[in-house]
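Spelled out, the chains give:
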Amino acid sequence: YNGQTKRVHQPNMMSIAHRGASGFAPENTRSAFLKSVELQADYLECDVHLSKDGELIIMHDERIDRTTNGSGFISDYTLAELREFDAGITFSEEFKGESIMTLNELLDEFFDQIGLLIELKNPEKNPGIEESVVSLLSKYDDLSSIIVQSFDIESMRKMQSLLPELNVAVLVRPAESFLSDSKLDDLTSFASFVNFNVSFVNKSMVNKVQQRGSKVLVWSKSDKKLVSKAHKYGVDGIISDYPSWRISEQIYL
Ligand code: G3P
Ligand code: CA
């Protein structure tokens, strides 16, 4: 990143930093979220679980093994215990000492700076997570920069009914990416977004969602053609580990 701020392509297609700008910094950490702001992403995406003492912990896996120097389930630790682990060192030495973050801290620091796409992970294993997130979000008058998403459709239906002004998104599992017309009617009746893995969707499915008044985001961890496919399909936004495509000429078109 060289400080230039030239937005070269499709200003209407949103750039969303997957687990923060996780291609450049440890996923789901403050460093990755700061990088998302620096790269002028429209949103940062993060994943949320409940700790043993009911705190909203930002991490992707239900175990801490892959992204910290600890071992075990998030749900077996209190926030104070989780703070002892290093969430930067597995990415690189440069990020040693990075702490895990809570959703509360993320909102306090980033709500005014960037949109937030908050994913509830395995809500069926984290009972009460919807109510906890709603109670945090309720203190904000304007929720237009927030989206809450999950692969769990019923959890998102619940979020939307608990907080009707909130935009919710349904994540579609790759293997279930062909959605019938009646399924599409149901999802778009409450979800503002229906989000797909870019390798498992096509233009026709994107059109069907958009014709029903909802938006489409696509994600990929590895597809080098992500940006060009997204353009071709006419999606509303891209969830990428490398959100630098927005300000760089070096994009895959
Ligand atoms: O936002 C889409 C994406 O985050 C869903 O997959 O596994 O990275 O949470 P995952
Ligand atoms: Ca996610």
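Above: the structure in question.
Quick look at the structure, then. (Residues numbered from 1 in each chain as written. Chains lettered and ligands numbered in written order. Predicted model: local features only at pLDDT ≥ 70, side-chain atom pairs only at ≥ 80, totals over all residues.)

**Quick word on the overall build of the protein chain**
Helices and strands together make up the secondary structure of the protein chain, namely 8 helices and 10 strands. Compactness check: the protein chain gives a C-alpha radius of gyration of 18 Å against a globular reference of 18 Å for 253 residues, within 12% of the reference. Principal-axis analysis of the C-alpha atoms places the extent of the protein chain at approximately 50 × 45 × 35 Å. Summarising the internal contacts of the protein chain: among those between residues at least 6 apart in sequence, 57% fall at separations of at least 24. (Helix = DSSP H or I, 4+ residues; strand = E, 2+ residues; numbered from the N terminus. Rg over C-alpha atoms; globule rule 2.2 N^0.38 Å. Contact = placed C-beta atoms within 7 Å.)

**Considerations on the site of ligand 1**
What surrounds ligand 1 is the set His18, Glu45, Asp47, His60, Glu119, Leu171, Asn195, Trp219 and Ile239. Here the shell around ligand 1 is built from residues that sort into 3 nonpolar, 3 polar and 3 charged. (Near = placed C-beta within 6 Å. Nonpolar A, V, L, I, M, F, W, Y, C, P; charged D, E, K, R; others polar.)

**Considering the pairing of strand β1 (residues 14-17)**
Both faces of β1 are covered, namely the face carrying Met14 and Ile16 and the face carrying Ser15 and Ala17. Two elements, β1 and strand β10 (residues 237-240), share 4 bridges in a ladder whose sense is parallel. Paired with methionine 14 across the bridge in β10 is glycine 237. Note: β1 against strand β2 (residues 43-50), 2 bridges, orientation parallel. Within β2, the position partnered with alanine 17 by the bridge is leucine 44. (Buried ≥ 20, exposed ≤ 12 C-beta atoms within 10 Å, placed from the backbone. Pairing = 2+ DSSP bridges.)

**Description of the pairing of β2**
As a general feature of sheets, a regular strand has side chains that alternate between the two faces. Of all 8 residues making up β2, 8 are buried, and the element is well covered by its neighbours. Alternating positions in β2 separate into two faces, Tyr43, Glu45, Asp47 and His49 on one and Leu44, Cys46, Val48 and Leu50 on the other, with burial throughout. Bridge count for β2 against strand β5 (residues 115-120) is 6 bridges, and the pairing is parallel. Paired with aspartate 47 across the two strands is glutamate 119, which belongs to β5. Bridge count for β2 against strand β3 (residues 56-58) is 3 bridges, and the pairing is antiparallel. When the bridges of β3 are listed, histidine 49 appears paired with isoleucine 57. Here β2 folds back onto β3 in antiparallel fashion, the turn holding 5 residues, of which glycine 54 has a positive phi close to 80°.

**Structural notes on unusual backbone geometry**
One non-glycine residue with positive phi stands out, namely glutamine 40, at about 60°. Accessibility expressed as a C-beta count within 10 Å gives 16 for glutamine 40, which makes it partly exposed. Even without a glycine there, the phi angle at asparagine 122 is positive, about 40°. Secondary-structure assignment places asparagine 122 in the loop between β5 and α4 (129-137). Since 16 C-beta atoms lie within 10 Å of it, asparagine 122 is described here as partly exposed.

**So, the environment of serine 189**
When you line up the elements, serine 189 lands in helix α6 (residues 181-190). Residues serine 189 and serine 214, spaced 25 residues apart in sequence, show a C-alpha to C-alpha distance of 8.7 Å.

**Regarding the environment of phenylalanine 178**
Note on placement: phenylalanine 178 falls in the loop between β7 (167-171) and α6. Using a count of 12 C-beta atoms within 10 Å as the deciding quantity, one classes phenylalanine 178 as exposed. Taking the C-alpha atoms as reference points, phenylalanine 178 and valine 201, separated by 23 residues in sequence, lie 7.6 Å from one another.

**Thoughts on helix α8 (residues 226-233)**
Turn by turn, an α-helix covers 3.6 residues, leaving residues three or four places apart pointing in a common direction. Looking only at α8, the buried set comprises Leu226, Val227, Lys229 and Ala230. Taken down its axis, α8 places every buried residue within 165° of arc, on the same side. Check the buried side of α8 and you find it contacts β9 (215-220) and β10. Where α8 terminates, the next one or two residues include glycine 234, which has phi positive at roughly 70°. (Arc of directions from axis to C-beta.)

**Section: the environment of phenylalanine 110**
Here phenylalanine 110 shows up in helix α3 (residues 103-110). Given 21 C-beta atoms within a 10 Å radius, phenylalanine 110 is considered buried. As for phenylalanine 110 and asparagine 167, which are separated by 57 residues in sequence, their C-alpha atoms are 18 Å apart. Apart from residues lying up to four places away in sequence, phenylalanine 110 is in contact with Phe33, Leu44 and Leu116.

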